[in-house]
Amino acid sequence: MARLNLWRWGVLGLAGLYFLVPLAASVVFTVDVPGQGVTFDAYTRIFATEGFTSSLLLSLELAAATIAVVLLLTVPAVVALRLGSPRLRPVVEVVCSLPLVVPPIAFVAGIGTVLRWGPEHFSRTPLFQTFVAVQNPDFPFVLVLAYVVMALPFVYRALDAGLRAVDVRTLVEAARSCGANWPQALLRAVLPNLRGALLNASFLTLALVLGEFTVAQLLGFRPFAVWIVNVSGSQAQLSVAVSVLSLLVTWLLLLALAGVGGRTRPTSRG
Amino acid sequence: MTATAVRVDTASAASPKRRRRSLGWVAVVPLLAFTALAFGLPALAMLNGAFTVDDPATGATAYTADNLTASLQGAYLTALLGSVKLSAVSAGLGALLGLPLAQAVVTSRFRALREAVLTASGVLANFGGVPLAFAFVATLGNAGVLTRHLGLTDKGWDLYSFWGLVIVYLYFLIPLMVLTITPALEGLRPQWREAAQNNGATPAQYWRHVALPVLLPSLLGGLVLLFGSAFAAYATAAAMVGSSIPLVTLQIADAISGNVLVGQENVALALSLDMVLVAGLVMAVYLPLQRRSARWLA
């Protein structure tokens, strides 16, 4: 038994070392500048750096829009599947898992091709205005479309897991017997019971959008992750400092989620 | 999984409720329409582009397999193989290192430790991309803290290499493995071990004949999941090494942004199709395995 414990603590210790050292080293890297000694300059400089606020705001707006769209699309569908159309379930399950098969880089290659159709084939039709509008640099809606697709597998699984714990049919029937109409039954009986799953899905989507780099960079937009890479060329300390901060924020969000969601774990992948 | 679906099916067939079923259709339609537009359209565009060439002189388009052939030759083939090799090595190591870690956590008596490790795994498994790359550049890069303090450059260390990338990828692959394998490890009933012991089996025999066969589908499933995750990764490598290491994702990005040659966009689409085929293969292996492990560990 003692041998077993030694082995276990050895494994945990090594893992702790591997996972904590890069984080600690990143912090050291940002505060201990060669030739300057210890300074918190990198952190104070972040807010004054050009592009920080605008790119962060853009990322947050994109995240908010993505969460709204993905929940509006999936929640009614998942609840309806539970209530009445079990035969559609496999269809929706497959559709929601398909984005996992297409790597983001292949997905963005496809999006880029579609976007080029605009000027090539539709330049004289009203449809062209749509192509221009979704690529508005102030709020590139095309990114929201892409992020919703990428978030779909995780959101679907989070909601499905949440619904499994709730007897939706009985809940709705009880609400209907008490005189509620359909929207009331959904909003006031079903959704409150799904609070954990909804939060779970929202946080996963938020983390995904805040960290997303591939699609945004290749389509030529500049949300937060793209901005960090652009800054890194000239200011290494600063970009690492921003990375540390963004990790801390994500970590806190997911820990908060673990607290709110109770026993549900902050990931749907497991 | 299948069993419950069948049961629900027969239950609703016994008491048909037409109104509800029509409501179900209506609520599912927006989701399907959206995916058809936002996912189906790019996917079709990719498929179509992968098989066409535009003649720059006449503007005519012709269907051909040239792009696909080109995507499996020369530098593109090197990149594809490089990605497969990197993903295979890091997935193998990730599975190998994740299993003992998960086992150490599952058998621990401290609930708080378990919860902490699983929460941390959830965070770290999603911690790919740019911040991860910079954390490792700050740690083991040319001017990184460990590199400077331990003098690693003189010992031949280089983060911007194959093994450097493996070490970085393991940072999100090991937690992913822990998350994938933990339910399977928790499903190993203590009674099985006791029964094996009562029949005179040694721990090695228990693992060889009982635990590993039950774990095998989950282990293999985790392995292909890790492979797929590493295979699709782009942001980490792009932020860290630029394009000094041949990876298929970096090649596609270069071709899309026109860094290499004008008119290579369709080869990029063919490369994307290659990636989708590999990823599809991974999923085709993963899903049946997952179903199989669910049978034992339900």
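Parameters at a glance
Residues numbered from 1 in each chain as written. Chains lettered and ligands numbered in written order. Predicted model: local features only at pLDDT ≥ 70, side-chain atom pairs only at ≥ 80, totals over all residues. Heavy atoms only, no water. Helix = DSSP H or I, 4+ residues; strand = E, 2+ residues; numbered from the N terminus. Buried < 20%, exposed > 50% of the residue type's maximum accessible area, 1.4 Å probe, protein only. Contact = heavy atoms within 4.5 Å. Areas by Shrake-Rupley, 256 points an atom, 1.4 Å probe, with all protein chains shown as cover. Lys, Arg positive; Asp, Glu negative; His and termini not counted. Charge placed at Lys NZ, Arg CZ, Asp CG, Glu CD. Buried area = accessible area lost by both parts, 1.4 Å probe. Salt bridge = Lys/Arg side-chain N within 4 Å of Asp/Glu carboxyl O. Polar contact = N/O pair within 3.5 Å; in protein donor to acceptor, adjacent residues only side chain to side chain. UniProt positions renumbered as here; feature names shortened; annotations may be inferred. pLDDT = per-residue confidence, 0-100.

Peer 1: So what about the overall build of chain A? Which residues, and what values?
Peer 2: Each helix and strand in chain A was counted, giving 13 helices and two strands. Taken over 270 residues, chain A has a buried fraction of 51%. Residue pairs in contact within chain A that sit at least 24 positions apart in sequence constitute 75% of those at least 6 positions apart. Surface exposure of chain A reaches about 12,700 Å², of which carbon and sulfur atoms provide 67%. One finds the centroid of the 18 positive side-chain charges in chain A at a distance of 13 Å from the centroid of its 11 negative side-chain charges.

Peer 1: Outline the interface of chain A and chain B, supporting the account with residue identities and numerical values.
Peer 2: With 83 residues of chain A at the contact, the number on the chain B side is 81 residues. Across the interface of chain A and chain B, roughly 7,100 Å² is buried in total on both sides, 77% from carbon and sulfur atoms. Summed over the shared surface of chain A and chain B, the result is zero salt bridges. Taken together, the links from chain A to chain B amount to seven residue pairs in polar contact (both at pLDDT 80 or more).

Peer 1: Would you mind going over the UniProt feature "transmembrane region" (unreviewed entry) in chain A in detail, with residue names and values included?
Peer 2: Residues and elements named next belong to chain A. Feature annotation in UniProt places "transmembrane region" (unreviewed entry) on residues 62-83, 95-119, 139-159, 197-220 and 240-260, given in this structure's numbering. The distance separating the terminal C-alpha atoms of residues 62-83 is 32 Å; by composition the span is 100% helix and 0% strand. End-to-end, the C-alpha atoms of residues 197-220 are 33 Å apart, and along that stretch the chain is 88% helix and 0% strand.

Peer 1: Explain the side chain of Ser202(A) to me, and be specific about the residues and the numbers.
Peer 2: Residues and elements named next belong to chain A. For Ser202, the location among the structural elements is in helix α10 (residues 195-211). A distance of 2.7 Å separates the side chain of Ser202 from the backbone oxygen of Leu198, its partner in a polar contact. Among residues more than four places away in sequence, those in contact with Ser202 are Ile67 and Leu71.

Peer 1: Describe the UniProt feature "transmembrane region" (unreviewed entry) in chain B, and please don't skip the residues or the numbers.
Peer 2: Residue and element names in this part refer to chain B. The UniProt entry lists residues 23-45, 86-106, 118-140, 160-185, 206-234 and 267-289 under the feature "transmembrane region" (unreviewed entry), expressed in the numbering used here. Helix makes up 100% of residues 86-106 and strand 0%, and the two end C-alpha atoms of the span are 29 Å apart. Taken end to end, residues 267-289 has its terminal C-alpha atoms 33 Å apart, with 100% of it in helix and 0% in strand.

Peer 1: Got a sec to walk through the confidence of the model for chain A? Specific residues and values, please.
Peer 2: Residues and elements named next belong to chain A. Counting all residues, the mean pLDDT for chain A is 83, and 93% of those residues have values of 70 or more. Mean pLDDT across the secondary structure elements of chain A bottoms out at strand β2 (residues 37-38), with 74, and peaks at helix α3 (residues 52-83), with 91. Contacts of residues 262-270 to residues separated by more than four positions or lying in other chains number 24 contacts, the stretch itself having pLDDT below 50.

Peer 1: So, the environment of Glu93(A): which residues are in play, and what are the values?
Peer 2: Residues and elements named next belong to chain A. Secondary-structure assignment places Glu93 in helix α4 (residues 89-101). In sequence terms Glu93 and Tyr156 are 63 residues apart; their C-alpha atoms lie 8.1 Å from each other. For Glu93, the side chain forms a polar contact with the side chain of Tyr156, separated by 3.5 Å.

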